[in-house]
Amino acid sequence: MIQVESLTKSYHVGKTVIHALKDINMELEPHKIYVVLGPSGSGKTTLLNILGGIDVADSGKVIVDGFDVTKAKPSELTLYRRKKLGFVFQFYNLVSSLTVLENVLSTKYLAEDGLDPKDVLETVGMWEHRDKFPFEISGGEQQRVAIARAVVKNPAIILCDEPTGALDFENAIKVLKLLETINEKYGTTIIIATHNNAISRMSHKIIRLRSGELVEYTDNPSPVKAEEVVW
Ligand SMILES: Nc1ncnc2c1ncn2[C@@H]1O[C@H](COP(=O)(O)OP(=O)(O)O)[C@@H](O)[C@H]1O
Ligand SMILES: [Mg+2]
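Below is a short write-up of the structure. (Residues numbered from 1 in each chain as written. Chains lettered and ligands numbered in written order. Predicted model: local features only at pLDDT ≥ 70, side-chain atom pairs only at ≥ 80, totals over all residues. Heavy atoms only, no water.)

Attention shifts here to the packing of helix H3 (residues 100-108) against helix H5 (residues 139-151). It is the contact of H3 with H5, at a shortest axis distance of 7 Å, that shows an interaxial angle of 30°. By the criterion of interaxial angle, the relationship of H3 to H5 is roughly parallel. Here H3 and H5 pass one another in a crossing that is right-handed. In this structure, H3 uses Val100, Asn103, Val104, Ser106 and Thr107 to contact H5, whose residues at the interface are Val145, Ala148 and Arg149. The class makeup of the residues in the contact of H3 with H5 is 4 nonpolar, 3 polar and 1 charged. (Axes fitted to C-alpha atoms, helices over the stretch in contact; angles between N-to-C directions. Helix = DSSP H or I, 4+ residues; strand = E, 2+ residues; numbered from the N terminus. Parallel < 35°, antiparallel > 145°, perpendicular 65-115°, else oblique. Left-handed = near helix turned anticlockwise from the far one by under 90°. Contact = heavy atoms within 4.5 Å. Nonpolar A, V, L, I, M, F, W, Y, C, P; charged D, E, K, R; others polar.)

Here it is as structure tokens:
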């Protein structure tokens, strides 16, 4: 479903060249949970942004469900992001002037076959908070709303960049459980970028980056449930 071939990306800062991704190859199947693991600066965000059509590769190929992300025009990428993908970020990125429900509705209309916002908000346990503004709920709750906002479009893939990075352990586990529920209930492929080794125990494959290189790429024969993850 997701094919990545010889993907490279570098950034030029003054005279310095930073090789953020070096010859990355991978192949991911639908309906699974994947964790991209690596320390800060290893290239995780760059990889997710290129998969998500937010950033552009220097060379190599990214094919998602037959769609060539690396060759696409900006207008095609807009449609790709809108129809295929959901995004979850470390700091939630909710619109502060919109209520919980309005935040979820704001993306629902981007999709043709979106899900019922009530059902999705119930799934993340936030329906009774639907009329609150982001500042009236906790960080963990904001992240649950952010997940609902990504899910309501019914995307094939949800890209999560350090989704638990700003949360305490208990709330982090709640968010991971929720991502697992979304994967089971809607069949969504979930890709989680994190520096937290423990989270990779949930992954169907260990995808480890170090200094822009793919240093580990092995199937995980026995992924654990989110509730068994500890750190
Ligand atoms: N827009 C940018 N301009 C310059 N350097 C960047 C930019 N984005 C990322 N980098 C560099 O690329 C490398 C990989 O960064 P990133 O993908 O953000 O890693 P991670 O998400 O694993 O922390 C780092 O050395 C980072 O400093
Ligand atoms: Mg990052």
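Turning to the site of ligand 1, a few remarks are in order. Within the structure, ligand 1 sits among Tyr11, Val13, Ile18, Ala20, Pro39, Ser40, Gly41, Ser42, Gly43, Lys44, Thr45 and Thr46. A distance of 2.5 Å is found between an oxygen atom of ligand 1 and a side-chain nitrogen or oxygen belonging to Thr46. Coverage of ligand 1 by the protein amounts to 63% of the 560 Å² it exposes when considered alone. Residue assignment for the shell around ligand 1 shows that the elements contributing at least two residues are strand E1 (2-13), strand E2 (16-28) and helix H1 (44-51). Sort the elements by how many residues they give to the shell around ligand 1 and H1 lands first, with 3 residues. For the shell around ligand 1, a count of residues per class yields 5 nonpolar, 6 polar and 1 charged. (Near = heavy atom within 4 Å. Polar contact = N/O pair within 3.5 Å; in protein donor to acceptor, adjacent residues only side chain to side chain. Areas by Shrake-Rupley, 256 points an atom, 1.4 Å probe, with all protein chains shown as cover.)

Our next topic: the sheet that holds strand E5 (residues 67-68). Taken together, 4 strands build an open sheet; the order of strands is E2-E1-E4-E5 and the sheet is antiparallel. Each end of this open sheet is capped by a strand with a single partner; those strands are E2 and E5. Pairing geometry for strand E4 (residues 59-64) and E5, over 2 bridges, is antiparallel. Opposite Val64, over in E5, you have Phe67 as the bridge partner. Together, E1, E2 and E4 form the strand contacts of H1, whose direction differs from that of E1 by roughly 120°. (Pairing = 2+ DSSP bridges.)

Looking at the secondary structure, you find Trp231 in the segment after strand E10 (213-219). With residues up to four places along the chain from it excluded, the contact list for Trp231 reads Phe169, Ala172, Ile173, Leu176, Asn196, Ala198 and Ile199.

Another aspect to go through is H1. Each full turn of the α-helix corresponds to 3.6 residues, which orients residues three or four apart in the same direction. Of all 8 residues in H1, 7 are buried, a share of seventy percent or more. Taken residue by residue, H1 has Lys44, Thr46, Leu47, Leu48, Asn49, Ile50 and Leu51 as its buried positions. Two residues or fewer after H1 comes Gly53, characterised by a positive phi angle close to 65°. (Buried < 20%, exposed > 50% of the residue type's maximum accessible area, 1.4 Å probe, protein only.)

This part takes up the nonpolar core. Counting 40 residues, the largest nonpolar core has Leu121, Ile147, Ile158, Ile190 and Ile192 as its most contacted members. Of all the secondary-structure elements, those providing two or more residues to this core are strand E3 (33-37), H3, helix H4 (117-123), H5, strand E7 (157-161), helix H6 (169-186) and strand E8 (189-194). In terms of residue count, the dominant contributor to this core is H6 (7 residues). Setting aside residues up to four positions removed in sequence, Ile158 forms contacts with Gly86, Val88, Ala150, Val151, Ile182, Thr188, Thr189, Ile190 and Ile191. Val4, Met26, Val36 and Ala57 belong to the second largest nonpolar core, which has 28 residues in total. (Core = buried A, V, L, I, M, F, W, Y, C linked by side-chain atoms within 4.5 Å.)

Turning next to the sheet that holds strand E9 (residues 205-210). Taken in spatial order, the 6 strands of this open sheet run E6-E7-E8-E3-E9-E10, and their pairing is mixed. The open sheet is flanked by strand E6 (85-88) and E10, the only strands paired with a single partner. On average, each strand axis in the sheet is inclined to that of its neighbour by 15°, with strand direction left out of account. Bridge count for E7 against E8 is 5 bridges, and the pairing is parallel.

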